[in-house]
Amino acid sequence: MPILFSQELLISVVVVLLVPLYLYLRASCRSKNPSVLPTNWPILHMFPSLVANIHNIHDYGTLVLAGSGHNFRAHGPPGTGMRFFITCDPRNVRHIFTTNYTNFPKGAEFAAIFDIMGGSLFTIDGELCLRQRAKVKGVLSNPRLVARIAACCRDKVKNILLPLFTHMASTGTPFDMQEMMSRFMFDLAATSLFGVNPGLLSPDMPPMDAAVAMDIVMEVGFLRHVMPASCWKLMKQLNIGPERKLRMAHRVLRGFVVEMMKRRKINTCHVGNDEEQDGVDFVSSFLHDPDYADDDLFLAMMIGYMVAARDTIGTTLT
Ligand SMILES: *[C@@H]1O[C@H](CO)[C@@H](O)[C@H](O)[C@H]1NC(C)=O
């Protein structure tokens, strides 16, 4: 699993790059001919070009980056707060995510927008961030954990994905590649976090409630980005619209984490003792750490890491 572990960045990658792009990817219209550089209109800036290409945002982004020397700044209309710096230059990516990441705090506004993951690396800054980051790096480089994920990955590709692709190809059946990758990464992410395989990629293709709830978290995160804060905060208080959906998604995710922890406990009992299990999954390193004893913090972290591990790679694999 070189992609998953060669960098401890999977979390931060989501933060800057994928959040605003995530929703766009899910819209599925056909593209016309995107221009290479967005027109910079007065007042509205590049907003019209963005809207016109929203259904095809990844391809459009690739063209824009190619046309602009790998770095690009975009604005929305005044008042929307839409400002993007888009880059595909590896030196910039390294600067932002690794060598000088302390120069790029996420800020209080971002933390409020993703309050559902509050306290996870996804939203924190400063000293707290340094500590959790160092801890997560250590956990993710544990050879036992890496070996387990590699085995799980190999097993799923060989025994499920490849036979499925073969079957689909030989019968000429169309299927949704993104859904398959989403199921695949969901299982891998949960296996690395909890040491439990939720089995979304099993042959009967079970419903994806928790995965859908994660999509809702990201969708509502996007909406909160583009509307005034007072607006979504009011909706949250009244529990209406997207805020209501988010609350339900949160409940689903809490249920999912509780279920995974229950199954993990049963597995641990079978294995024998807790020590046997130590380091084989991500949570074992957090369970006995007083810094992470708070239930809400634990839940927020698990949601954050599930999103980080699944969405980045799931999207790229497709
Ligand atoms: C980036 O980090 C390096 C080493 O950590 C440091 O020497 C350099 O001054 C930093 N650059 C900026 C712009 O902060």
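Up top is the structure these notes are about.
So, how was this worked out
- Residues numbered from 1 in each chain as written.
- Predicted model: local features only at pLDDT ≥ 70, side-chain atom pairs only at ≥ 80, totals over all residues.
- Heavy atoms only, no water.
- Buried < 20%, exposed > 50% of the residue type's maximum accessible area, 1.4 Å probe, protein only.
- Helix = DSSP H or I, 4+ residues; strand = E, 2+ residues; numbered from the N terminus.
- Pairing = 2+ DSSP bridges.
- Near = heavy atom within 4 Å.
- Polar contact = N/O pair within 3.5 Å; in protein donor to acceptor, adjacent residues only side chain to side chain.
- Areas by Shrake-Rupley, 256 points an atom, 1.4 Å probe, with all protein chains shown as cover.
- Nonpolar A, V, L, I, M, F, W, Y, C, P; charged D, E, K, R; others polar.
- Contact = heavy atoms within 4.5 Å.
- Salt bridge = Lys/Arg side-chain N within 4 Å of Asp/Glu carboxyl O.
- Axes fitted to C-alpha atoms, helices over the stretch in contact; angles between N-to-C directions.
- Parallel < 35°, antiparallel > 145°, perpendicular 65-115°, else oblique.
- Left-handed = near helix turned anticlockwise from the far one by under 90°.
- Phe/Tyr/Trp six-rings, centres within 6.5 Å; stacked < 30°, edge-to-face > 60°.
- Lys NZ or Arg CZ within 6 Å of the ring centre and 35° of its normal.

**Overview of the pairing of strand β1 (residues 71-75)**
Here is step 1 of the chain: Covered by surrounding structure in β1 are Phe72 and Ala74 only, the residues Asn71, Arg73 and His75 on the alternate face being uncovered.
Here is step 2 of the chain: Inspection of the sheet shows β1 paired to strand β2 (residues 83-87) by five bridges, in the antiparallel sense. By the bridge assignment, Ala74 is partnered in β2 with Phe84.

**A closer look at the site of the ligand**
Here is step 1 of the chain: Inspection of the region around the ligand gives His95, Thr99, Asn100 and Asn103 as its neighbouring residues.
Here is step 2 of the chain: One nitrogen or oxygen atom from the side chain of Asn100 is found 2.3 Å from an oxygen atom belonging to the ligand.
Here is step 3 of the chain: Asn103 is positioned with one of its side-chain polar atoms (N or O) 2.8 Å from an oxygen atom of the ligand.
Here is step 4 of the chain: When the free accessible area of the ligand is taken as 360 Å², the share hidden by the protein chains comes to 28%.
Here is step 5 of the chain: Within the shell around the ligand, the residues separate by chemical class into no nonpolar, four polar and no charged.

**Quick look at the environment of Arg183**
Here is step 1 of the chain: Position of Arg183 among the secondary structure elements: in helix α9 (residues 177-194).
Here is step 2 of the chain: On the accessibility criterion, Arg183 (5% relative accessible area) is buried.
Here is step 3 of the chain: For the pair Arg183 and Leu201, spaced 18 residues apart in sequence, the C-alpha separation works out to 5.5 Å.
Here is step 4 of the chain: In contact with Arg183, not counting residues within four places along its chain, are Leu200, Leu201, Met205, Pro206 and Met208.

**Considerations on the pattern of salt bridges**
Here is step 1 of the chain: Here the structure, examined in full by the defined rule, presents eleven salt bridges.
Here is step 2 of the chain: Across the pair Lys236 and Asp115 runs a salt bridge whose closest N-O atoms are separated by 2.8 Å. Residue Lys236 is located in helix α11 (residues 229-238), and its partner Asp115 is located in the loop between α6 (107-113) and α7 (126-140); the two are separated by 121 residues in the primary sequence.
Here is step 3 of the chain: With a relative accessible area of 31%, Asp115 lands in the partly exposed category.
Here is step 4 of the chain: The partner of Glu179 in a salt bridge is Arg183, and the shortest N-O contact between them spans 2.9 Å. In this pair, Glu179 and Arg183 are both assigned in helix α9, four residues apart and thus about one turn of the helix distant.
Here is step 5 of the chain: One salt-bridge network, in which partners are shared between bridges, spans Asp115, Arg224, Lys236 and Glu243.

**Digging into the packing of helix α8 (residues 143-171) against α9**
Each pair of packed helices can be described by the angle between their axes along with the distance between the axes.
Here is step 1 of the chain: Close contact between α8 and α9 brings their axes to 10 Å; oriented N to C, the two are set at 155 degrees. The angle between α8 and α9 places the two elements in the roughly antiparallel class. As for the relative orientation of α8 and α9, their crossing is right-handed in sense. Mapping the contact onto sequence places Leu145, Arg148, Ile149, Cys152, Cys153, Lys156, Val157, Leu161, Leu164 and Phe165 in α8 and Met177, Met180, Met181, Phe184, Asp187, Leu188, Thr191 and Ser192 in α9.
Here is step 2 of the chain: Residues belonging to the contact of α8 with α9 are distributed by class as follows: 13 nonpolar, two polar and three charged.

**Here's the deal with the packing of aromatic side chains**
Here is step 1 of the chain: Within this structure, the stated rule accounts for nine aromatic pairs.
Here is step 2 of the chain: Where Phe114 meets Phe122, the ring centres are 5.1 Å apart and the plane angle is 80 degrees; that geometry is what we call edge-to-face. The residues Phe114 and Phe122 share a single accessibility class, namely buried.
Here is step 3 of the chain: Relative to Phe286, the ring of Phe282 has its centre 4.9 Å away and its plane inclined at 25 degrees; by these criteria the two rings are stacked.
Here is step 4 of the chain: Exposure remark for Phe282: the relative accessible area of 3% places this residue in the buried category.
Here is step 5 of the chain: The cationic tip of Lys135 hangs over the ring face of Phe286; the distance from NZ or CZ to the ring centre is 4.9 Å.
Here is step 6 of the chain: Sitting above the plane of the Trp232 ring, Arg224 keeps its charged end 3.9 Å from the centroid.

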